[in-house]
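What follows is the residue order along each chain.
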Amino acid sequence: MRSDDDAIPRAEKAIQGPMRAFRSALATTVEELRGIVAAHHAAVSGDAEDERAELGPFASGRIDADRFSALLGASETLDDQSIGAIEAAHAVLAESSRRGTDLARVDVRAGEDVCAAVRRATSEIGRTFGAARVAGLARSHRYVARDHARMLERFDHASWNDAERALAPPLLVVADGADPQLEGLATYLDGRQKLVLVLRDPTPPAPLARFVTPGTFVLQTGDADLLDRFLAFDGPGVAALVPDGAARFAHDPSLGARVWERLVVEHLPDPATTRRVGSRSAWQQAEDLRLLADLATPPPAGAAAPAPTPAAAAAPAAAEPIDRLATWLLRHAELETEPAG
Amino acid sequence: MTSITEASRPDAGNDPRATGTPRSMKTPEHVVEIVSDSGEGAQKCGQIFGAVSAMMGNGVWTVEIIPAEIQPPPRSIGSASGNRVRIGAGPVTNWGDRANLVVAFNEQALLARHRLDAIADDAIVLLEEMWADHDDESIRAEWSAAMEELSAATYRIVRVPMEERCLTVVDDARKGKNMFVLGMLATIYARDAERTKDRIDQALHKKSDDVRRSNRALFDLGAAWAEEHLDFRVDVPTAPNDRPMVVMNGNQALGMGAIASGMDFLAMYPITPATSVSHYLAEAFPRVGGIVHQAEDEIAAVVAAIGASYAGKTAFTVTSGPGLALKTEALGLAVMTETPLVVIDVQRGGPSTGLPTKVEQSDLLAALFGQPGDTPKIVLAPATIEECFHCVVTARQIAEAFRTVVFVLSDANLATGVQPFPRPTPDPRWVATLPDQRPVEEGAKPYGWDERTGLSRRIVPGRPGGAYTTTGLAHDDESKIDYSPAVNEKGCRMRSRKLAVFQQTLNPPPIHGDDEGDLLVVGWGSTKGAIEEAVDRARADGRRVSSTHLTFLSPLEPGLKEMFARFEKVMTVEINYSDRRADPFVTEENRRRGQLCWLLRAQLLVDVDCWTRVHGQPLAPGRIVEAIEDRLGIGAES
Amino acid sequence: MSDPCSLLTCGEATDRQVALEEYTGGLPRWCPGCGDHAILSGVQRMLESEQVVPERTVFVSGIGCSSRFPHYVKTYGFHGIHGRALPLATGIKLSRPELDVFAVMGDGDCCSIGAGHWIHALRYNVDMVALLLDNNIYGLTKNQSSPTTPQGHPSNTAPDGAWLPALNPLTVTLGVTNASFVAQTADWAPSHLYETLRAAHRHRGFSFVRILQRCPVFTPGIFMEAVRKPERIELLVHDDGVRDEAAEELYEHHVAHDPSDLNEARRLAETSEHIRLGVFHRDPSRPTYETTRRLPVFTAEERIAVLTRELDRHAV
Ligand SMILES: Cc1ncc(C[n+]2csc(CCOP(=O)(O)OP(=O)(O)O)c2C)c(N)n1
Ligand code: SF4
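On a predicted model such as this, the values are computed, not experimentally measured, just so you know.

The partner chain B presents 73 residues to the 47 residues of chain C that form the contact. When chain C packs against chain B, close to 5100 Å² is buried across both sides, 64% of that on carbon and sulfur atoms. When the buried surface of chain C facing chain B is broken down by residue, Y76, R303 and V316 of chain C rank first, second and third, together holding 16% of it. For the pair chain C and chain B, the number of links is 4 salt bridges. Between R287 of chain B and E310 of chain C there is a salt bridge whose closest N-O contact spans 2.7 Å. In this structure, the connection of chain C to chain B is made through 27 residue pairs in polar contact (both at pLDDT 80 or more).

Structure below.
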């Protein structure tokens, strides 16, 4: 197991690949809008200054920029309100583009809960979607300030369409000692949204147990290398890099139709050892662990066997899934040779 | 008579190795050549020497001396490989005339340069002496024969124990002799040792610390040897300037210009001397999201570039003569479909495979007229390495604004020449924006020509409401195939009109020298520096000669006819073939002239003469002076 | 569908239903009875069922009767030059991976003048559908032998019959490293044609489909027997290939062929007494070139920052 200290840089590195599609789309949008704005101004002002700059020093003395821009003729112009909106949108997008990977980094402030921090980050990302919507409306003369201007200010996750949800970048949430109430994060698990949490002690042993749903990739581990596989999944997911001692498991929806086929538990602490962490009681935490043990256990072959006791369930879940973990890792290795995305 | 100073005769009368205060030769410029077998690192030595000289405030022009084969047999005439570095107190714009100092790693390399008449009569030669007493008898015989041949010349040859000295530091002197030589040059030309060693480290940044250390040691060794044994120094005054400078060759400059212009896609097929553009970009392009696509052949390369450009990315292709020939049909397609495309042709000697590594300016007419049918396009030629950088920005912009093909004619001289130039100040406005993807406006047509200018706005795929089919067949403004006379006439007229319109935006080229006189020399492309230097020399001798240099060859820059009328005679100077007037059977009527000459006569109805060479080398200013004098009726050349 | 390349397209509603007629371009000018008509209908049907977005689709072609195709489909189109459809399509897809690209070629176009590009396009494995409309003759230029003309079949350039044995485009294709999808169908088997096109479109990679195409003007005899005698046809059937009830009913000869079995595919592709229709090979695991080469887009500002560093590296 790697040292806790390089978890953040390693997680940061892992999300860079999946960030690329978003950043690339963002840069594309910035450049498209730059073109529209430049063409508009050239047409409106009749000023050759931009043309002179665009032609570069080689043209100086050789090409008469005034005549060049006059002969090229006016390109399409937009009304004041539309071009104003496009410029405002361009500014928002250019600023976000400059922030680069920072956009995906969420530091949970002292006293803030994780869900609030994620809300803050998604609304930052939402501004880029909102700005793009404004620009899209304005360039086709459909922009109405009264109805649309607010999208430049705020564009919350709830308003994102499917395409936006699919494109949203992964978020890296660094929660150092924050209150481990994570249930609210489920709201964001849609499209291809990935949440990567870096949790530090004190942390409950299985904070992600309750996220296990058929189509969601859930990963709780100490090994940041496993993030690549997680991030490549074509659907939503939540991962947590947890300190030693916490449960380690992976729920990979592509592994099977039944929950016990998909869920691989590598390590499960004894539910009896839990202690209250923040607002999460010892019993709640033990429940998380028992839930994992339950989910990972295939129903006994044949007729009704007695429901396994938590301790009994934990044992096979720890032994047999080792093999399945190996299988999973193997698949992971094979899949690595395939193109991502 | 060439004088040879042998190690065994340190007290010889004219021994430049004598101790005592060395004689310092102050000169406004000096040409040094470093030649070795390929693989011995003479080029690296020359490059570092050139870069350090530039840093210290000399004008510099460095050019590679390239062997014809990849691994020619060692110690053969064909294996001479290295650099010529011309340094000057002022700007240096070309490779100069003959070398004043030659450092040769073996006598065969020296002989090769001698036979090419590349060495000045009073040159000093520093020659590795290990071959004179080599164990191999045949080598000793070759040495003697070479000395015999060289004895007819008047050089001053100094024998240097390079191998012997280097072996005191390294086991294999083949790797490292070049640093010893660099050390000697640093002493001779008083180059700053620390800066030079920094440059060595930089050049060897991929090597181990040990390698760097031993290279520095060899450098010190060479410097100390020269200090102790050479009786001459060369002082080319430096004028440190505060303008930040960059140094690179013309192909790197083209590649960097492509980055500056916002190009996204280079499709190419390897061909000397164009390939190194793609070598540079293969490494640097991905950092800006650019792709170098090495296609299966030149046809696929240019066609893929057309596809990329059609799809809205800015694309270009890089090639040289034989490759250009293959791209012909596709260039017609780009012109016909009005797909913007920048074609960089780094010209080499032709026809056919010709002189792959050598310079020529023989593709001008092919660029203008090489495609069947009427294929109007814009052709421009950078004249300096700095212009190689900046012209790509302009070419890209024109290609898109005019929806046409823009040719950039560079050549092997610019491709391999290295020159410092003022560091460009990048402007984001140079960078192409991405195409508009908004729905197509009602009534917009794929060839919505402005009847006056022939210009139209492009509709790239992805825009709703714009679906149409681009075609290389005759088509109307909606891109519908149409063979009717009126439609074809109109299409041709619209594509041609763009050139007339573009020409209206051009300024007449400046005149170097007086506005009128006895002779006007007209050049284009990489010969500018040599021509202007020649004109300056001739003017200093009282000749009434001026020159002008054309940047745009299609359409031609305005005002030429009127300019030419102010001179008694007009003559182009070019590196391409022309019949000489005195050649047998050649008459005024059947004489085949230089390509620009041909073009100017056809276009301007002016009796333009030409002086051209296809010797595979950049023009030397001295030869141009002779040609000028000849045309003025002074010299003896024909 | 690949990721949207711009946030501007994200915001747009994508639930528009495109009707079959919306894929109809200009009126086809092929001869009556030409197999190209049926192929056009099959393609349009596939476009509709796959709900291919017209403005994000480009049909690319070379020169020939078959290469008129793009004019008749209402998407973007590029009717290029003879033999060069594939490099053109490659350039388009490499620079705009989000576009859906089709290349339409004749047998002269693909297997003769463009043969070099054909080999390399297979190796690049750029995601596109490449259709070889194989009428075994040069149509547009009026009846010259093509590489696929059967030996002995007369034409204007070989009045005594083609001298050489015909090239088998299937074995050629299956011999190229990295070929990822190879199928054969026929203009006279419309439902099989449609199903094959659909499978080709769904395959992520270079999908090569040879379509046997009748040219009633110059080669009326060549496919006549195959059309009249269903027993000449053998269907390759597999769930990973193409299943088409109508064809399976009409053609009694079936071979169960798993398209992942390349050696078997090569054997089945050999010229035999049967004309085999179906998917010979499909390997979805091969990376596509545009994915391998894909790079993010950078803003002008970022590009200038890179350029500045490049200039630093060359500073003196
Ligand atoms: C470079 C070039 N060479 C030759 C031609 C003439 N040409 C046009 S189409 C064609 C062959 C057409 O046959 P094929 O590709 O089989 O298509 P078909 O017309 O049968 O559909 C030829 C040789 C051309 N247009 N361009
Ligand atoms: S000549 Fe043949 S291939 Fe061409 S359109 Fe007519 S029938 Fe079709």
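Read on, since the account is not over.
Residues and elements named next belong to chain B. Here the domain parsing of chain B yields domain 1 (3–235), domain 2 (247–430) and domain 3 (511–631). Of note, the centres of domain 1 and domain 3, computed from C-alpha atoms alone, are 36 Å apart. Contacts between the two partners involve 8 residues from domain 1 and, on the opposite side, 11 residues from domain 3. Between the two partners, domain 1 and domain 3, sit 2 salt bridges. Its residues placed into classes, the side of domain 1 that touches domain 3 shows 2 nonpolar, 3 polar and 3 charged.

Let us look at empty space enclosed by the protein. Enumeration according to the criterion identifies 12 cavities of 30 Å³ or more in this entry. Taken as a whole, the largest cavity spans an internal volume of roughly 390 Å³. K313 of chain B together with S95, R96, P97 and V297 of chain C are the residues nearest the centre of the largest cavity, which is lined by 31 residues in total. Ranked by the residues each element gives to the lining of the largest cavity, the list is headed by helix α1 (residues 7–45) of chain A, at 3 residues.

Our next topic: the interface of chain A and chain B. On the side of chain B, 36 residues touch chain A, which itself brings 29 residues to the contact. In terms of surface lost to chain B, no three residues of chain A exceed F58, R62 and L71 of chain A, which account for 25% of the buried area on that side. Between the two partners, chain A and chain B, sit 2 salt bridges. Linking chain A to chain B there are 14 residue pairs in polar contact (both at pLDDT 80 or more). At the level of secondary structure, the elements contributing two or more residues to the side of chain A that touches chain B comprise α1, α2 (49–55) and α3 (65–72) of chain A. Residue composition of the side of chain A that touches chain B, by class: 12 nonpolar, 5 polar and 12 charged.

We now examine the packing of aromatic side chains. Any two aromatic rings considered together are summarised by their centre-to-centre distance and by the angle between their planes. Under the definition given, this model contains 20 aromatic pairs over all chains. With a centroid separation of 6.2 Å and 65 degrees between ring planes, the pair formed by F389 of chain B and W430 of chain B is classed as edge-to-face. Taken together, the residues F389 of chain B in helix α13 (residues 385–401) and W430 of chain B in the loop between β17 (418–422) and β18 (469–471) connect sequence positions 41 residues apart. Of the two residues, F389 of chain B and W430 of chain B, neither departs from the other in class, the shared state being buried. An angle of 40 degrees between the planes, with centres 5.5 Å apart, marks the rings of W188 of chain C and F223 of chain C as tilted. With W188 of chain C in the loop between β5 (181–186) and α7 (190–202) and F223 of chain C in the loop between β6 (206–212) and α8 (224–228), this pair connects stretches of sequence that are 35 residues apart. Each member of the pair W188 of chain C and F223 of chain C is classed as buried. We note R75 of chain B situated over the ring of W131 of chain B; from NZ or CZ to the ring centre the distance is 4.5 Å.

The next thing to look at is the sheet that holds strand β3 (residues 194–199) of chain A. All names here are of chain A. Taken together, 7 strands build an open sheet; the order of strands is β1-β2-β3-β5-β4-β6-β7 and the sheet is mixed. On the outer flanks of this sheet lie β1 (105–107) and β7 (263–267), each paired with one strand and no other. Across this sheet, the average inter-strand angle for adjacent strands is 15 degrees, counted without regard to direction. For strand β6 (residues 248–251) and β7, the ladder comprises 4 bridges, and the chain directions are antiparallel. Opposite H251, over in β7, you have L263 as the bridge partner. Here helix α5 (residues 114–139) sits on the sheet and contacts β1, β2 (171–175) and β3; the angle it forms with β2, its principal contact strand, is near 150 degrees.

With that settled, consider the site of ligand 1. Around ligand 1, 17 residues are found, and the nearest of them are C65, S66, G108, D109 and G139 of chain C. With respect to ligand 1, the chains having nearby residues are chains B and C. Residue S66 of chain C places a side-chain N or O atom 2.7 Å away from an oxygen atom belonging to ligand 1. For ligand 1, whose unbound accessible area comes to 590 Å², protein coverage reaches 77%. Counting residues per element, the shell around ligand 1 draws most heavily on helix α4 (residues 107–113) of chain C, at 4 residues. Looking at the shell around ligand 1 residue by residue, the classes come out as 6 nonpolar, 8 polar and 3 charged.

Rules used in this analysis
Residues numbered from 1 in each chain as written. Chains lettered and ligands numbered in written order. Predicted model: local features only at pLDDT ≥ 70, side-chain atom pairs only at ≥ 80, totals over all residues. Heavy atoms only, no water. Contact = heavy atoms within 4.5 Å. Buried area = accessible area lost by both parts, 1.4 Å probe. Salt bridge = Lys/Arg side-chain N within 4 Å of Asp/Glu carboxyl O. Polar contact = N/O pair within 3.5 Å; in protein donor to acceptor, adjacent residues only side chain to side chain. Domains from an automatic or database assignment. Nonpolar A, V, L, I, M, F, W, Y, C, P; charged D, E, K, R; others polar. 1 Å grid on protein atoms, 1.4 Å probe; cavity = no way out; pocket = protein on both sides within 12 Å on 5 of 7 lines; lining within 4 Å. Points joined across faces, edges and corners; volume = space filled by probe spheres on them. Helix = DSSP H or I, 4+ residues; strand = E, 2+ residues; numbered from the N terminus. Phe/Tyr/Trp six-rings, centres within 6.5 Å; stacked < 30°, edge-to-face > 60°. Buried < 20%, exposed > 50% of the residue type's maximum accessible area, 1.4 Å probe, protein only. Lys NZ or Arg CZ within 6 Å of the ring centre and 35° of its normal. Pairing = 2+ DSSP bridges. Axes fitted to C-alpha atoms, helices over the stretch in contact; angles between N-to-C directions. Near = heavy atom within 4 Å. Areas by Shrake-Rupley, 256 points an atom, 1.4 Å probe, with all protein chains shown as cover.

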